[in-house]
Amino acid sequence: MNIADISPATEEKYFGCLYTSPEDWKDWAVGISRKRDWYHSMQDKGLRVKLSLDDDGEPRGMIQYAPAELNFPSVKNMYFIHCMYIPAVKKRKSFRKTGMGEALLKAVEDDARERGADAMLAWGLSMPFWMKASYFKKNGYSKADKNGIALLMWKPFTKNAEKPAWDRPKKLPEKVRGKVSITSFNCGMCTLQSAHSELTREVAAEFGDAVQFQEIDTGCRENQNEWGISNAIYLDGREMISGPPMNRIQIRRKISSRVKKLK
């Protein structure tokens, strides 16, 4: 196992997301394109990506992090882990429970300390399907704040570190009279999120004028500051997803249920 910074040789695997394999990428084209654009726009803002490489140089684990003030304007001198992922996909070797996650986490913590950070932040979920808060707790993190199933976890490095808090939404999308309203907030950071937004757009189009879909680019700092939301999809003013990502059938069922209520 070799922990290394991302390089031109490994960028495309990172853009495609280790959740998928290259044969799946044609279905993720929009997400991959958005991730590529987001990555290049964030490089000069302090985004860092480390990969765990096998003996053949293939990425088997990923962690990305950046200065926390990019997500939390009031937080200074800390780093925030956007995403950490080690595949456990059927028909492919799982690299979980091999110590890879701990090695990646230690590498970014050491890097943040060397850069003079007061703490490392991460977001974790109370539900056990991805970015589990319990995993970070096991590795020395504690809960700083909670918003639904999303926990803000942190590990202070210095006595100067002040406990951070989630930024709450400043406003929510409003319902549209006589229509079903869908608003997707997407910064481009997550290949899956961008692909899911595009899938929702496609399904919404099946219902014609009954559904109004809009996507707000929260990669634009002004938009994120205005709404206080980074990545989420709202259906008639309420978050559409509160657990794992939904497939086309599940999305269609959600939208159809709202459309029927218009009649």
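For the structure, check the block above.
Residues numbered from 1 in each chain as written. Predicted model: local features only at pLDDT ≥ 70, side-chain atom pairs only at ≥ 80, totals over all residues. Heavy atoms only, no water.

Caption draft 1: A look at the overall build of the protein. Of the regular secondary structure elements, the protein holds 7 helices and 11 strands. In terms of overall size, the protein behaves like a compact globule, its C-alpha atoms giving a radius of gyration of 19 Å where 263 residues would be expected to give roughly 18 Å. Along the first, second and third principal axes, the C-alpha atoms of the protein reach 60 × 45 × 35 Å. The proportion of buried residues among the 263 residues of the protein is 48%. Look at the contacts in the protein between residues 6 or more apart in sequence, and 65% of them connect residues 24 or more apart. (Helix = DSSP H or I, 4+ residues; strand = E, 2+ residues; numbered from the N terminus. Rg over C-alpha atoms; globule rule 2.2 N^0.38 Å. Buried < 20%, exposed > 50% of the residue type's maximum accessible area, 1.4 Å probe, protein only. Contact = heavy atoms within 4.5 Å.)

Caption draft 2: Layout of helix α5 (residues 191–205). Relative to the 21 Å expected for 15 residues at 1.5 Å per residue, α5 spans 21 Å between its end C-alpha atoms, a close match to the ideal helical length. By the burial criterion, the buried members of α5 are T191, Q193, S194, A195, H196, S197, L199, T200, V203 and A204. Where α5 is buried, its residues touch α1 (11–16), α2 (29–42), β8 (180–186), β9 (211–217), β10 (232–235) and α7 (248–260). (Expected span 1.5 Å × (residues − 1).)

Caption draft 3: Seen up close, the packing of α2 against α5. The geometry of α2 relative to α5 is characterised by a closest axis approach of 7 Å and an angle of 130° between their N-to-C directions. Viewed along their axes, α2 and α5 adopt a mutual orientation that is oblique. Considering only the axes of α2 and α5, their crossing is right-handed. Where α2 abuts α5, its residues V30, G31, I32, R34 and K35 lie against T191, S194, A195 and E198. Residues that form the contact of α2 with α5 fall into these classes: 3 nonpolar, 3 polar and 3 charged. (Axes fitted to C-alpha atoms, helices over the stretch in contact; angles between N-to-C directions. Parallel < 35°, antiparallel > 145°, perpendicular 65-115°, else oblique. Left-handed = near helix turned anticlockwise from the far one by under 90°. Nonpolar A, V, L, I, M, F, W, Y, C, P; charged D, E, K, R; others polar.)

Caption draft 4: Main features of the pairing of strand β4 (residues 78–85). Among the 8 residues of β4, 8 are classified as buried, and the element is accordingly described as predominantly covered. Pairing analysis gives 6 bridges linking strand β3 (residues 59–67) to β4, with the strands arranged antiparallel. Opposite A66, over in β4, you have F80 as the bridge partner. Direction of pairing for β4 relative to strand β5 (residues 119–125): parallel, over a ladder of 4 bridges. Note that in β5 the partner of F80 across the bridge is L121. (Pairing = 2+ DSSP bridges.)

Caption draft 5: How the structure looks around the sheet that holds β4. The sheet built from 7 strands is open, its strands ordered β1-β2-β3-β4-β5-β7-β6 with mixed pairing. In this open sheet, the two edge strands, each paired with only one partner strand, are β1 (2–5) and β6 (142–147). Shown here is a sheet whose adjacent strand axes are inclined to one another by a mean of 25°, direction ignored. Its contacts with the sheet place helix α3 (residues 100–114) against β1, β2 (48–53), β3, β4, β5 and β7 (150–156), and it is angled at close to 30° to β3.

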